[in-house]
Amino acid sequence: MNLVHCNSSVQEERRSSLAVIMASISEWYAGKNVLITGATGFMGKVLMEKLLRSCPDVKALYILVRPKAGQSMSERVQDMMMCKLFDRVREDNPDFHQKIIPISSELTQPGLAISPEDVQTLTSCINIVFHCAATIRFDEPLKHALQLNVIATQQLLSLAQQMQHLQAFIHISTAYANCNRRHIDEVIYPPPVEPKKLIDSLEWMDDSIICDITPRLIGDRPNTYTYTKALAECVVQQESGKLNIAIIRPSIVGASWQEPFPGWIDNFNGPSGIFIAAGKGILRTMRASNDAVADLIPVDVVINLTLAAGWYTAVHRPKTALVYNCTTGGINPFHWGEIEHHVMSTFKRNPLEQAFRRPNANITSNYLINQYWILVSHKFPALIYDLFLRLSGQKPQMMRIFNRLHKAIGLLAYFSSQDWEWNSDNMNMLMSQLSADDRRTFNFDVRQLNWPEYIENYCIGTKKYVLNEDMSDIPAARQHLRKLRNIRYTFNTVLLVFIWRVFIARSQMARNIWYFVVSLCFKFLSYFRASSTLTQ
Ligand SMILES: CCCCCCCCCCCCCCCCCCCC(=O)SCCNC(=O)CCNC(=O)[C@H](O)C(C)(C)COP(=O)(O)OP(=O)(O)OC[C@H]1O[C@@H](n2cnc3c(N)ncnc32)[C@H](O)[C@@H]1OP(=O)(O)O
Ligand SMILES: NC(=O)C1=CN([C@@H]2O[C@H](COP(=O)(O)OP(=O)(O)OC[C@H]3O[C@@H](n4cnc5c(N)ncnc54)[C@H](OP(=O)(O)O)[C@@H]3O)[C@@H](O)[C@H]2O)C=CC1
């Protein structure tokens, strides 16, 4: 009798675990309480939107938010929910805000500054954690980057260890955490330094000493961001205990490809600021390799993969933490030279308002050529414009803008001048585990990505959502570009006459050379005309 009972309960258990495995991703998220850090950031917002839209039965999204820039936590969350990104969710469920539960938290503080009551709530109800928060600045002082990217991750993991119903912990890293390697596998590499030792040492060190030793510490990585993200991966591995963990490593996250609508972007990070600066005619040259792979990945692809990885980690509970390199280069490569072409062509057809000059940017991998163009196409026009501003009684500003731009492109050039090769076996494995429906709803198959169309939507997205420009103003923007073209023609003519007067008209030798060149051109033209008449 007992044996029969035992067998049937084993069968029951098998059936229910089979049902869990067979459940679609949306079904799995139904009734789940999700904790998200970095929810006010670019990726966090897209993650929330997708969860609310495609998993409408999710129970609640607990988001860790801090007050910022004079706004309280609740004001920030209210503002965020009004954002256009949530239009489709709002349409489907006008009360979607009821599912969002903000928790006050400052991640750089001990215990993440979460109140004991909130700790109690989180530990008793959370089923899955998505850790997106980070400082992504390349010039962040090491101590602060360590505090947020490494120590906060450590603290969040220790909070996660106390969660009674936690099924998965998903950590968002970056494909460039190991950018000191050319080939990057889906493994957690040994850290450049033991994170705990570094944390202990930096604790007592003076900021100026830390600043001095930072280049030695980061070694062959380009900045404190990639360095601390590598350390964070190691911390995730060390502190995971019995948790089911996955690490997502996106490359350069760009505007959305399809969802909730094409071209969604809300910041200047990565290539977006470069596209805008080029579209405004400010940026005319940048160091990048035409033939290097531009490993952009649309934000909706990253989020779909992240949600699918959350489901897979919870349901299949892999024995070791799986790392997902979320990149496009090995699957559907596109190059910086091609990006340049499509960005320029889009902004010529859909100009940005009040451009400084006509958009016409070129990338080059040659240092000297780049320096030459910086002088001729950036500094010289900036000086002239600032002179004009001074003469008209205004404050000069162009040189200041260019100095900031040069700082930014200097920091980004490392990533646009070389190639990396990422293994993406786990991304492929995950795709093979999804049902046909899930593959459609949580699409991360970048083989289908049409790059020219994507780049066009991306550029238009920067215009509409970052700069808040109206598409109906495009005729006026085109008119402005025509005005700039006429100014350039006039300026070039004045310059030519000036050069003539100063250098050519005054010297006999220069005049002789000039006449020689002109007569040569004339002879060539006459010969060309004569030969074309003969052939007719
Ligand atoms: C020639 C044209 C053709 C185009 C084809 C070639 C394109 C090549 C593009 C190459 C891009 C390569 C990108 C690689 C990135 C890979 C990194 C790995 C991916 C990741 O894991 S993390 C995400 C990447 N992180 C970043 O991108 C952050 C980088 N930014 C910074 O570190 C800092 O912002 C920076 C650049 C040091 C500037 O600091 P600062 O001067 O202090 O300015 P603020 O950040 O405070 O910003 C002030 C103000 O300016 C706006 N802003 C910021 N950046 C830009 C920009 N690039 N252009 C214009 N405006 C920008 C910012 O939003 C602030 O505005 P407020 O209104 O808020 O004041
Ligand atoms: N964008 C990209 O190209 C790539 C990003 N990634 C990774 O993706 C993740 C998300 O990046 P992304 O969304 O672009 O970054 P954002 O800069 O847009 O967002 C960062 C988030 O972290 C939060 N945060 C920062 N500091 C604190 C703090 N002290 N306390 C509480 N919250 C804080 C921010 O909150 P607040 O609004 O209060 O500042 C914000 O919500 C990061 O882990 C990043 O490393 C990886 C590859 C590429």
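Attention here is on the structure that accompanies the text. Predicted model only: the values in this text are computed from it and were never measured. (Residues numbered from 1 in each chain as written. Chains lettered and ligands numbered in written order. Predicted model: local features only at pLDDT ≥ 70, side-chain atom pairs only at ≥ 80, totals over all residues. Heavy atoms only, no water.)

**What to know about the site of ligand 2**
Put simply, the test is: One heavy atom within 4 Å of a molecule or strand makes the whole residue count as near it. The definition of a polar contact used here is a pair of N or O atoms within 3.5 Å, where within protein one atom must be able to donate a hydrogen and the other to accept one, and adjacent residues in sequence count solely through side-chain atom pairs. Only the protein chains shown count as cover for residues, and all accessible areas are computed by the Shrake-Rupley method using a 1.4 Å probe. By definition, any uninterrupted DSSP run of H or I lasting at least four residues is a helix, any uninterrupted run of E lasting at least two residues is a strand, and each is numbered from the N terminus.
Taken together, the neighbourhood of ligand 2 is formed by 26 residues, with T40, R66, R76, E106 and Y225 sitting nearest. In this structure, T40 approaches ligand 2 through a side-chain N or O atom, which is 2.7 Å from an oxygen atom. Backbone polar atom of F42 to an oxygen atom of ligand 2: 2.9 Å apart, as the coordinates give it. Out of a free accessible area of 890 Å², ligand 2 has 89% covered by protein chains. Elements that contribute at least two residues to the shell around ligand 2 include exactly α3 (42-54) and α10 (224-239).

**As for the pairing of strand β4 (residues 128-131)**
Stated precisely, the cut-off is as follows: Only protein chains enter the accessibility calculation, which uses a 1.4 Å probe; a residue is then buried when its area is under 20% of its type maximum, exposed when over 50%, and partly exposed in between. When DSSP locates at least two bridges between a pair of strands, those strands are taken to pair. Looking down the strands as they point away from the viewer, one classifies a crossover as right-handed if the path from the first strand across the helix to the second runs clockwise.
Along β4, one buried face is formed by I128 and F130 and the opposite face, lined by V129 and H131, is buried too. Pairing of strand β1 (residues 33-37) with β4, which is carried by four bridges, proceeds in the parallel orientation. When the bridges of β4 are listed, L35 appears paired with V129. As defined by bridge partners, β4 adjoins strand β5 (residues 168-172) across four bridges and the pair is classed as parallel. When the bridges of β5 are listed, I128 appears paired with A168. Once you follow β4 into helix α7 (residues 142-161) and on to β5, the crossover reads as right-handed.

**Some details on the state of the cysteines**
Throughout this description, disulfide means a covalent bond between two cysteine sulfur atoms. Condition: In this description, a disulfide is simply a cysteine sulfur pair whose atoms lie within 2.5 Å.
Evaluation of the coordinates by the stated rule reveals zero disulfides. Considering cysteine sulfurs only, C132 is the nearest to C326, which forms no disulfide, with 13 Å between them. Among the residues examined, C326 registers a relative accessible area of 0% and is labelled buried. Residue C459 stays outside any disulfide, its sulfur separated by 20 Å from that of C83, the closest cysteine.

**Topic: the site of ligand 1**
Definition in use: Under this grouping Gly is polar, as are all residues other than the nonpolar Ala, Val, Leu, Ile, Met, Phe, Trp, Tyr, Cys and Pro and the charged Asp, Glu, Lys and Arg.
Near ligand 1 lie 27 residues; those nearest to it are R137, F138, Y225, G270 and R404. Between ligand 1 and F138, the relevant distance is 2.8 Å, taken from an oxygen atom to a main-chain nitrogen or oxygen of the residue. Within the contact set of ligand 1, an oxygen atom lies 3.4 Å away from a side-chain nitrogen or oxygen of R404. Protein coverage of the free-state accessible area of ligand 1, which is 1,400 Å², stands at 75%. Counting residues per element, the ones that place at least two in the shell around ligand 1 are α11 (271-279), α13 (336-349) and α15 (398-416). Among the elements that line the shell around ligand 1, the one with the most residues is α15, at six residues. Class assignment of the residues belonging to the shell around ligand 1 gives a composition of 17 nonpolar, six polar and four charged.

Any link to function would need more than the numbers given here.
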